[in-house]
Each structure stands twice: as structure tokens, then as C-alpha cells.
Amino acid sequence: MNIDKELKRHFIGRLIDNNRRIDGRGFDDFRELNIETGLISDKAEGSSMVKLGNTEVLCGIKLVPGEPWSDRPNEGILMTGAELVPIASPNFETGRPGEEAIELARVVDRGIRESHMVDMEKLAIVEGEKVWMVFVDIHVINHDGNLLDASSIAAVSALKNTYVPKFEDNEVVRGEKDRDLPVVKLPISCTFAKINKGIMIDPILDEEFAMDARLTVTTSGKEIHAMQKGETGAFTPAEVSELVSKAFGKHKELVKKIK
Amino acid sequence: MGGKREEPLIVKGKRVDGRKVDEMRPIKIEAGVLNRADGSCYLEWGKNKIIAAVYGPRELHPKHLQDNTQAYLRCRYNMAPFSVSDRKRPGPDRRSTEISKVISEALQRVVFLNYFPNSVVDVFMEVLQADAGTRCASLTAASVALADAGVPMKDLVASCAAGKADGEIVLDMMQEEDNFGEGDLPMGYIPARDEIVLMQLDGEFTKEEFEKAQKTAIDGCKKVYELQMKALKDKFKKGGKE
Amino acid sequence: MKSKTENLELRGDIVIPGEDLGKNKRHGGFTFEDGDMIKSSVFGIKEDKKDYVSVISLSGRYLPKAGDMVVGIISRVGRTFWIININAAYESLLPVEKAVSRDRGYGRDRGRDRGGRDRGRDRRGGGFKRDREQITDLRALYKEGDIVSIKIDDVNEIRESYADGPRKLTGGRIVIVSAKKVPRIIGNKKSMLNLLRDKSGCRIVVGQNGIIWLDGDEEAMQLVVDAILKIERESHTRGLTNRISEFMDEGLKKLKKTEKAGKTAKKE
């Protein structure tokens, strides 16, 4: 039993019915966002530590030479993974990534991949034989709600601050920069939680305990690149349209924080 | 250990990073950094970056692991995929499993496990960036995290390694010395009790070299202990996460 | 989130596990003997009196103790008992006999009189018969997920406990704090708890396990929750009761202002 959840979900719903959030935020307000890039600069080609309220997510980027897909011989390969390591929550277990970690990784990946954020065609080393594999690894450090947005922002800000290392004599020269990773867009995800009739942005953990449905919308300024509805409740089409508009609005606000 | 390097590791008493043979890398320790864990510690040691978190005593599942005379101390050392030069596949490997075991055995010497029958005290260590000496850094952080969690212990365990590079005994090896040196001796030690609770050796040491390395590691552990104590006592001066 | 407690005075010296506390003294909580030296077993604050020393632990999970009142949640319903999750490594078992309505007295075994005759069962009062034999469906009384306060009756050597005096807590809200901070939230002779109750007008049930239930006006409850979290952050400092009293007064002033503003806005 998740005792935290069972003790809190009833009154959270009542607060929402009275138009209040447990931390006093507006329904359209994100928590305080802090982005620190380069924390793992000695070993990773790019990294970013995101603090969204008390939620903390670290993303590291590693570039590794590998074989291209046969149908895309001159393109780099993007691989996104997420680990919900047990330091981050009393409810995270050791072992292989479960469905929550896998969904998190795939949704973050979708935003990056479908927006063509990274210009994969510029990541060939030897055409047809060797390309850069870009590993985006999300490491959750402290879970206080909305891992999706924190991870998405971490991945995007890490990639924006990633370098492509030198490749000489058939070997990677670790620690030596060849050029910046070619980044053309910044997809940012925006997650909404529905509790009874109220819909709020950036749910804190206590709100996730009470939420009936969840919608994540990843946009890059003018286009939607990924959407994911979660939990067992439902949204009306009208609600979804409104949330999409709000997501576009939030993108303008959040993109300024990614340098 | 023991690869070939063109330049020597020690030139005129100075090591690759400018240190003397008996100098430690800079260490920064902060207690109480995570708000969900019962206790936690963030530690930087040279370029190593480690977070340790403790949960417990809490209910232990599966039930067949329960021991009605004492708590089960469960330790997990894990490296993030981006923590090393050549990306590491996520998940436990044989090295991580061995390190988790020796760290757990070191801590079992000091934790009052018999206070909490049938339960588990979980100690998780995540290496976010690695640069030689991660097991010592992890054990050091784990001790602080246990204290931060209010888990009763006889004492803290301090940990530090000595090694052999270019024939000389050095304190606190860094990456190059670990890769190209001749020996490595990580140690976990309790100064007030003069007890060695973790010790591993690999490489080539004569008996005299070993004695010198052991003393060097112990001296290092004593310095680390002072830093652990200071980090805990400073928690309320700077203001920690409750 | 970092708390700004740098400028607040500490209640005592901070000690760490293994730290020397003295010799030839009586010693209490969270200390142990190592040879002839008394040492601290935890990270906490030293309480040093002339011939007695103990340590107040600043953190640590709850351990059930006989006589403690705790707040928990029904985790499982058995044939003749309920299992209650009290947010500890150990659950508590509430036998069905203890759920017989004690306050009404109905169904209670009245024992024997001076002549040794069985007085039989209490048959006074009306209402629901809650005799032991009447309770066939335990879920009708308490089901999984119900929040209850219980008294820990008895704890054995492996920390298994029996519970008594259950009361269901409905509505209101919950705040969870470290069990080690509960004494500060209650205060010396309940001074802090009474302060919170009197100023807010809320019902407050403080479980020794760190789970606190409150009920009352929504805004007043929020203020109490904020005060409790402030006590938790600053429990290691001096002068806390006065600061909390000021905090509550300021909070109540602001509430009256917004209430007034709300009323004037409605008028216009």
C-alpha cells in the first residue's frame, strides 16, 4: 500500500473542488524551475540537472560510435532511456525498468525524435558504416511529481549543451570537442492533471495521488510532436483542445529558460 | 590497473593532477539533500559525484527474507550510464554487485540491526560521475546518509584508498593512477575503534609496500571521518532539507 | 528546499553516532555504552544534565510503543481482526473485541460482582448492538482505506503490536511529519498543540507516528498545516513556541483581511 497516497487523495480532491491547490499555486502555474547544465562535464558529452519544485531529474548524454540502420545509412541514431532509481522515492524498486520508466523514456524520446530536434543527418562518421549514437539517459533523483516534464526539459537542455567529440584514427577522443551537437528545435512537454472537474498544470506528487487522468502535450513553438494520455480517467475533446492551446502558451514561457 | 603509459605518473614528487603523494583530492559533503528519502548525502570527491539515500527501517518484502532477530541491511551501488567515459549499460553488473556486498558488510559492523527485527534498512548509492575511488566515496556517503536517516549506529565508517603508482605509495588515486598504476587498496575504517571493516587489494605489493599503503589509507580515512562529522554538524547551520 | 535556520539558536550541542558523551552517568535514549564511555547512537541533540545524559534524535522512522496514540489506515480486513498500516516497519493488529463500542458501554462485559457472580453484559442505551457475536462483517465497521486513530496496547520483542480504542477519522485533511518531531508539535504539557488548537479552532489529532489529522475551516486548516511544517523544520531551535504563536497570529490577521475583502467585493 502506498500509505502517502491513501492518506492524501481524498482531501486533495476536496481542495480542488474548492479551487485550491495544495501548494497554493494557480491552476496554470508551473513550480519554480531551475536548470543547471554541465554537471557531468568530465564524463558526459552533455548533461543537465533540472529542479522543478522538489522534483529533481538528471539527464546525461553520451555519444558512442555505432552501425547505422540499414535503411538510414547516413543518419545518427537516437536512444532514450530512463531509470526510476530507488533513491528518488520509497516506491521505486530496484530491477529492470518497469512500465512507468519505459513510458517516461518513450514519451520524452517521441518529442525529440518527431520534432527532429537533433539533425541526425549531420551525425555520420563514415557514411554507411559508422554513425554517432546519441544516448539520452534520464536518471530521476527525487520524485515530487511530474517526472515527464522535468525529464523532457532535462533531456532538451542537455542536448542543447552537448558536444560531438573528435573521432581520430578510428577512435573517439573523449573529452575533446569537435563541434556542437546540431540542434534545430526545442520541444518542451507540458503535463496536465485532472482531479474531479479541475485541470491543473505541473502536478505535484500529492496531486498525482488524487488524479483521475493525465495529459502530456509536447510542442515546439508551432507544432505538436507528441501527446500521451495517462491514468484511468477521461478528457472531453473540448478539454483536450484547451489544453493544447495552453501547452503552446507554456512553450513560449519555458523555452526562455533553456540556454 | 597496469596499463602502459608513456609519461610517468609522478614527476619530482608531483602527481598528474599536481598533488603530492600524501595529498587527498578535495571533498565536499552535504547531508540531507533529498526530501523523500529518510536520509541522504551528496558527495563530491575530486571529479566523483555520488548521491546516497537511505530508506528505513521499513517493511521487508518478500517475507522469506525477514529475520526476526534483526533488520536486513540492503545496499545497492549503481552507476549512471553517463557517469563513465564509455557509456555503461544501465543495470547491475558483476562489479556493482561485488561492491554492494563489501559496502553492506562494512556497514553491518556498525548499524544496530537488532533494534529492528523483520525489517529492512535500504541504502542506495548512485554514482553520477566516476573518477576512481567510487566505492570509497559511496561508502563514505552511505555512512552520512544513515546518520541523516536517524538509523542508530556505533559509529560512522570512513573510507579512502591508497595505491601504488610509479613504485611509490600514494594516497587517494585518481583515474590515470588507477588505470596505469601498480596497485590499489581501498579501505573502510572506524577511527575510534581502530577497526578495518572494508578492505580489498589488487595489484603487486611487497609486504613493506603493503604496510605503508595500509597506514596511508588509514590516515586518509581519519581525514575523511572529520569531513563526515563536519557535514552532519553543519547541516543545521546552512539549513538542510527536512 | 533549504530552510533558513542559520540564524536561529540551537537547543543544544549536535552529536553524531559514536560521539563521546561522558562517563559515570546515567544515560537514556539513543545512547550506548562502549567500555566505560557513554556514546551517542544517532545524529541528534545532546541533553546533558549533571548525572544524566541522553540524545534527542532529529530523524528516524517510528517504532511502536505501548501507550502511544497513532493515526493509521486500515490495510487489511481479516476474519476477526484488522491490520493497520501506521507508516512504520511494523503494522498493528486490531482485534475485533477491541472494536466493541466502549464509549457507549453497550455489549461490554461487566465482570463479576463481589460475590463472584457474573454481572453479564452491559445492556443499557439504545442504538446499534455491537456485541462481539454481532459483528460478522468487519468491513461494516472499518474497511480497507479507512483512516483511524488507535492506541497501541502492547508491543512484543519483535515489535508486533496490538491496537485498541479505534476511532474513524473522516473528512478533514492529513499532514505527515517525521515521528521524531511529534514531541515538539505537542510541546511541553501540550503547550504547542493547545496553541494551534485555540488559535485555529480546528480539531487536531496528532499521532505519535507523525501522521496528523485535522478538521475545521479550510483556511484555518491550511494555516495549521503551514505552522506544523514550520515546527518540523525548526524543531532543533530555541524560542519556537513564541515564533509559532506570532506566525499563527499573523496568518489569522491575513485571513480576516481577505475575508473582509471578499465580503466588500460581494457587496459591490
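Note that the structure is predicted; figures quoted are calculated from it, not measured.

## A closer look at the packing of aromatic side chains
According to the stated counting rule, one finds seven aromatic pairs over all chains in the structure shown. Ring geometry for Trp132(A) and Phe167(A): centres 6.0 Å apart, planes at 90 degrees, overall edge-to-face. Highlighted residues: Trp132(A) in strand 6 (residues 130–142) and Phe167(A) in strand 7 (residues 163–168), separated in sequence by 35 residues. Relative accessible area serves as the criterion here: at 2%, Trp132(A) is assigned to the buried category. Judged by centre distance (6.1 Å) and plane angle (75 degrees), the ring pair of Tyr115(B) and Phe116(B) falls under edge-to-face. According to the relative accessible area criterion, Tyr115(B) is partly exposed, its value standing at 29%. Under the relative-accessibility criterion, Phe116(B) is labelled buried at 4%. The structure contains a cluster of three or more aromatic residues connected by ring pairs, namely Phe112(B), Tyr115(B), Phe116(B) and Phe32(C). Stacked on the ring of Phe112(B), the Lys or Arg Lys154(B) has its end atom at 5.9 Å from the ring centre.

## Here's the deal with empty space enclosed by the protein
Residues and elements named next belong to chain A. Taken as a whole and assessed by the stated rule, the structure comprises two cavities of 30 Å³ or more. If you add up the space inside the second largest cavity, you get close to 60 Å³. Elements with a contribution of two residues or more to the lining of the second largest cavity: helix 2 (99–114) and helix 3 (147–160). In terms of residue count, the dominant contributor to the lining of the second largest cavity is helix 2 (four residues). Counted by class, the lining of the second largest cavity contains six nonpolar, four polar and no charged residues.

## Focus: helix 5 (residues 237–255) of chain A
All names here are of chain A. Under the 1.5 Å per step criterion, the end-to-end length of helix 5 is 27 Å for 19 residues, consistent within 8% with the ideal 27 Å. Inspection of helix 5 places Glu239, Leu243, Val244, Ala247, Lys250, His251 and Leu254 among the buried residues, and these make up the whole buried set. Seen along its axis, helix 5 keeps its buried residues to an arc of 135 degrees; they face one direction. Among the exposed residues of helix 5, those oriented more than 90 degrees off its buried face are Ala238 and Lys252. Elements in contact with the buried residues of helix 5: strand 1 (33–37), strand 9 (188–195), strand 10 (198–201), strand 11 (213–219) and strand 12 (224–230).

## Examining the layout of surface pockets
Residue and element names in this part refer to chain A. Taken as a whole, the second largest pocket holds about 910 Å³ of empty space. The wall of the second largest pocket is formed by 34 residues, among which Leu84, Phe92, Glu100, His143 and Leu147 lie closest to the centre. Secondary structure elements with two or more residues in the lining of the second largest pocket: strand 4 (77–83), helix 2, helix 3 and helix 4 (205–210). In terms of residue count, the dominant contributor to the lining of the second largest pocket is helix 2 (five residues). In terms of residue class, the lining of the second largest pocket is built from 13 nonpolar, nine polar and twelve charged.

## Notes on the interface of chain C and chain A
On the chain A side, the residues contacting the 18 residues of chain C number 13 residues. Taken together, both faces of the contact between chain C and chain A bury some 1400 Å²; the carbon and sulfur share is 57%. Our enumeration of links across chain C and chain A arrives at two salt bridges. Linking chain C with chain A are five residue pairs in polar contact (both at pLDDT 80 or more). When contributions to the side of chain C that touches chain A are tallied by element, the ones reaching two or more residues are strand 8 (69–77), strand 13 (173–176) and helix 3 (218–234) of chain C. Of the residues forming the side of chain C that touches chain A, the biggest block, four residues, is contributed by helix 3 of chain C. Classifying every residue of the side of chain C that touches chain A by side-chain character gives nine nonpolar, six polar and three charged.

## Some points on unusual backbone geometry
Excluding glycine, a negative phi dihedral is what most residues carry, and trans is how most peptide bonds are arranged. Between Gly56(B) and Pro57(B) the backbone carries a cis peptide bond, its omega angle lying at 5 degrees. By the secondary structure assignment, Pro57(B) is in strand 5 (residues 48–59). Residue Pro62(B) is reached from His61(B) by a cis peptide bond, and omega for that bond is 0 degrees. In this fold, Pro62(B) is placed in the loop between strand 5 and strand 6 (72–79). Positive phi values are uncommon outside glycine, yet Asp202(A) reaches one of about 50 degrees. Tracing the backbone through its elements, the reader meets Asp202(A) in the loop between strand 10 and helix 4. Judged by relative accessible area, which is 0%, Asp202(A) ranks as buried. Unlike most non-glycine residues, Asp194(B) shows phi in positive territory, near 50 degrees.

## A short note on the packing of helix 2 (residues 191–200) of chain C against helix 3 of chain C
All names here are of chain C. Running from amino to carboxyl end, helix 2 crosses helix 3 at an angle of 160 degrees, the nearest separation of the two axes being 10 Å. As far as their axial angle goes, helix 3 and helix 2 are roughly antiparallel. The interaxial crossing formed by helix 2 with helix 3 has right-handed handedness. From helix 2, Met192, Leu196 and Ser200 reach across to helix 3, where they touch Ala220, Val224, Ala227, Ile228 and Ile231.

## What about the packing of helix 2 (residues 134–148) of chain B against helix 4 (residues 207–233) of chain B?
Residue and element names in this part refer to chain B. Where helix 2 meets helix 4, the closest approach of the two axes is 10 Å, and the angle between their N-to-C directions is 30 degrees. When you trace helix 2 past helix 4, the crossing you get is right-handed. Where helix 2 abuts helix 4, its residues Thr140, Ser143, Val144, Ala147 and Asp148 lie against Val224, Gln228 and Leu232. A class-by-class count of the residues in the contact of helix 2 with helix 4 yields four nonpolar, three polar and one charged.

## Side note on the nonpolar core
Taken as a class, soluble globular proteins show a tendency for nonpolar side chains to be buried jointly. Counting residues in hydrophobic clusters, the biggest one holds 72 residues, and the most contacted among them are Trp45(B), Val54(B), Leu107(B), Val123(B), Met125(B), Leu146(B) and Leu232(B). If you tally residues by element for this core, the top one is helix 2 of chain B, at nine residues. Once you skip the residues sitting within four places of it in the chain, Leu232(B) turns out to touch Ala31(B), Val144(B), Ala147(B), Asp148(B), Leu156(B), Ile16(C) and Phe43(C). Leu147(A), Ile153(A), Ala213(A) and Phe235(A) belong to the second-largest nonpolar core, a separate cluster that totals 55 residues.

## A look at the sheet that holds strand 13 of chain C
Pairing between the strands of a sheet comes from backbone hydrogen bonds, and it takes one of two forms, parallel or antiparallel. The three strands are arranged 13-15-14 (chain C) in an open sheet whose pairing can be described as antiparallel. In this open sheet, the two strands that pair with only one neighbour each are strand 13 and strand 14 (203–206) of chain C. This sheet shows a mean twist of 20 degrees between the axes of neighbouring strands, independent of strand direction. By the bridge criterion, four bridges tie strand 13 of chain C to strand 15 (residues 211–215) of chain C in an arrangement that is antiparallel. Considered in strand 15 of chain C, the bridge of Ile176(C) is made with Ile211(C). On the sheet, helix 1 (residues 3–17) of chain A packs against strand 13 and strand 15 of chain C and is oriented at approximately 135 degrees with respect to strand 13 of chain C.

## Regarding the side chain of Ser89(A)
All names here are of chain A. Among the structural elements, serine 89 can be located in the loop between strand 4 and helix 2. Here serine 89 falls in the buried class, since its relative accessible area comes to 1%. Within the local environment of serine 89, its side chain forms a polar contact with the backbone nitrogen of asparagine 91, the two atoms lying 3.0 Å apart.

## Concerning the pattern of salt bridges
One pass over the full model with this rule turns up 62 salt bridges over all chains. Among the ionic pairs, Asp202(A) bridges to Arg31(A), the shortest N-O distance being 3.0 Å. Of the two residues, Asp202(A) sits in the loop between strand 10 and helix 4 while Arg31(A) sits in the loop between helix 1 and strand 1, which places them 171 residues apart along the sequence. Accessibility assignment for this pair places Asp202(A) and Arg31(A) in one class, buried. Here Arg58(B) makes a salt bridge to Asp122(B), at a shortest N to O gap of 2.9 Å. Of this pair, Arg58(B) sits in strand 5 while Asp122(B) sits in strand 7 (residues 119–129), placing them 64 residues apart in sequence.

What counts, and at which threshold
- Residues numbered from 1 in each chain as written.
- Chains lettered and ligands numbered in written order.
- Predicted model: local features only at pLDDT ≥ 70, side-chain atom pairs only at ≥ 80, totals over all residues.
- Heavy atoms only, no water.
- Phe/Tyr/Trp six-rings, centres within 6.5 Å; stacked < 30°, edge-to-face > 60°.
- Helix = DSSP H or I, 4+ residues; strand = E, 2+ residues; numbered from the N terminus.
- Buried < 20%, exposed > 50% of the residue type's maximum accessible area, 1.4 Å probe, protein only.
- Lys NZ or Arg CZ within 6 Å of the ring centre and 35° of its normal.
- 1 Å grid on protein atoms, 1.4 Å probe; cavity = no way out; pocket = protein on both sides within 12 Å on 5 of 7 lines; lining within 4 Å.
- Points joined across faces, edges and corners; volume = space filled by probe spheres on them.
- Nonpolar A, V, L, I, M, F, W, Y, C, P; charged D, E, K, R; others polar.
- Expected span 1.5 Å × (residues − 1).
- Arc of directions from axis to C-beta.
- Contact = heavy atoms within 4.5 Å.
- Buried area = accessible area lost by both parts, 1.4 Å probe.
- Salt bridge = Lys/Arg side-chain N within 4 Å of Asp/Glu carboxyl O.
- Polar contact = N/O pair within 3.5 Å; in protein donor to acceptor, adjacent residues only side chain to side chain.
- Axes fitted to C-alpha atoms, helices over the stretch in contact; angles between N-to-C directions.
- Parallel < 35°, antiparallel > 145°, perpendicular 65-115°, else oblique.
- Left-handed = near helix turned anticlockwise from the far one by under 90°.
- Core = buried A, V, L, I, M, F, W, Y, C linked by side-chain atoms within 4.5 Å.
- Pairing = 2+ DSSP bridges.

Read these as layout, nothing more, since geometry by itself doesn't imply function.
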